[in-house]
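Now for the letters of each chain:
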Amino acid sequence: WETAIERANSHSVAYNRFIRLFSAGSGPRYLHNLAQSFIETGLFRTLTEDGKGKGHPYGAFYGRGYHQLTWTGNYRDYGDFEKFPKNPSHYKDQRITATSKHPIDSDGVLLTWAPRYDPHIIESDKDLSGRASGFYWVTKKFRKTTNINRVCDIGVSPITIGFASWLVNGGGNGYIHRQQFAKYQAEILLDGTPRFGIA
């Protein structure tokens, strides 16, 4: 309980700013966001991917934020959105240098990152963690459209939860737990009937 309260207190302001800016307006939007964030952050334990990209092709552009922004292309697009100033060449992660090239996405096309901003700022600033996550949430392309809120607005069902999970994570990581968190939250945020004893 003490750990839960500490984490809630630590993230409540930044997370609420993120939700209000990028997903305001409905219980299902809040529910979908929280179900994803609970898994992406390890129940708000961290704003960085465990392992920090070690052994993954995205490397230094590992998951950061409430929805774990990943891959160089997503970091580039977020930086363009924020209009971050150029970096004088120092990066906290030594895998990024003035000349290093990094895959934009899973297709493997490489991009020289410098002189763009230092991705570390997303994990070191909760407001930027929220903004990066929100930017990804509303700009994610799928089925000739964008904005994961469109999925949330359909409602809360195993299908919509699963689709939002795939859009955020790109795979099956934590799929069952995302479903469980969404179902549990529906009882609270959507005034559903509690179903005790059912996982």
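Summarised in this report is the structure supplied together with it.

The rules behind these values
- Residues numbered from 1 in each chain as written.
- Predicted model: local features only at pLDDT ≥ 70, side-chain atom pairs only at ≥ 80, totals over all residues.
- Heavy atoms only, no water.
- Axes fitted to C-alpha atoms, helices over the stretch in contact; angles between N-to-C directions.
- Helix = DSSP H or I, 4+ residues; strand = E, 2+ residues; numbered from the N terminus.
- Parallel < 35°, antiparallel > 145°, perpendicular 65-115°, else oblique.
- Left-handed = near helix turned anticlockwise from the far one by under 90°.
- Contact = heavy atoms within 4.5 Å.
- Core = buried A, V, L, I, M, F, W, Y, C linked by side-chain atoms within 4.5 Å.
- Buried < 20%, exposed > 50% of the residue type's maximum accessible area, 1.4 Å probe, protein only.
- Salt bridge = Lys/Arg side-chain N within 4 Å of Asp/Glu carboxyl O.

## Remarks on the packing of helix H2 (residues 27-40) against helix H7 (residues 158-169)
Right, on to step 1. Here H2 crosses H7 at 50°, and the two axes come no closer than 10 Å. Looking at the two axes, H2 sits oblique to H7. The handedness of the crossing between H2 and H7 is right-handed. Taken together, the residues of H7 that come into contact with H2 (itself represented by His32, Gln36 and Glu40) are Thr160, Ile161, Ala164, Ser165, Val168 and Asn169.

## Description of the nonpolar core
Right, on to step 1. Leu69, Tyr75, Tyr78, Trp113 and Ile122 are the most contacted members of the largest nonpolar core, which totals 17 residues.
Right, on to step 2. Looking at this core, the elements with two or more residues in it are helix H3 (72-82) and helix H5 (126-139).
Right, on to step 3. No other element matches H5, which puts four residues into this core.
Right, on to step 4. Other than its neighbours up to four places away in sequence, leucine 69 contacts Phe61, Tyr62, Gly63, Arg64, Asn74, Tyr75, Tyr78, Ile122, Ala132 and Tyr136.

## Digging into the pattern of salt bridges
Right, on to step 1. Under the defined criterion, the tally for this structure stands at nine salt bridges.
Right, on to step 2. The residue arginine 178 makes a salt bridge to glutamate 40 at a minimum N-O spacing of 2.8 Å. Of this pair, arginine 178 sits in helix H8 (residues 175-189) while glutamate 40 sits in helix H2, and the two are 138 residues apart along the sequence. The exposure classification of arginine 178 matches that of glutamate 40, with both residues buried.
Right, on to step 3. Notably, a salt bridge pairs lysine 52 with glutamate 123, separated by 3.9 Å at the nearest N-O pair.

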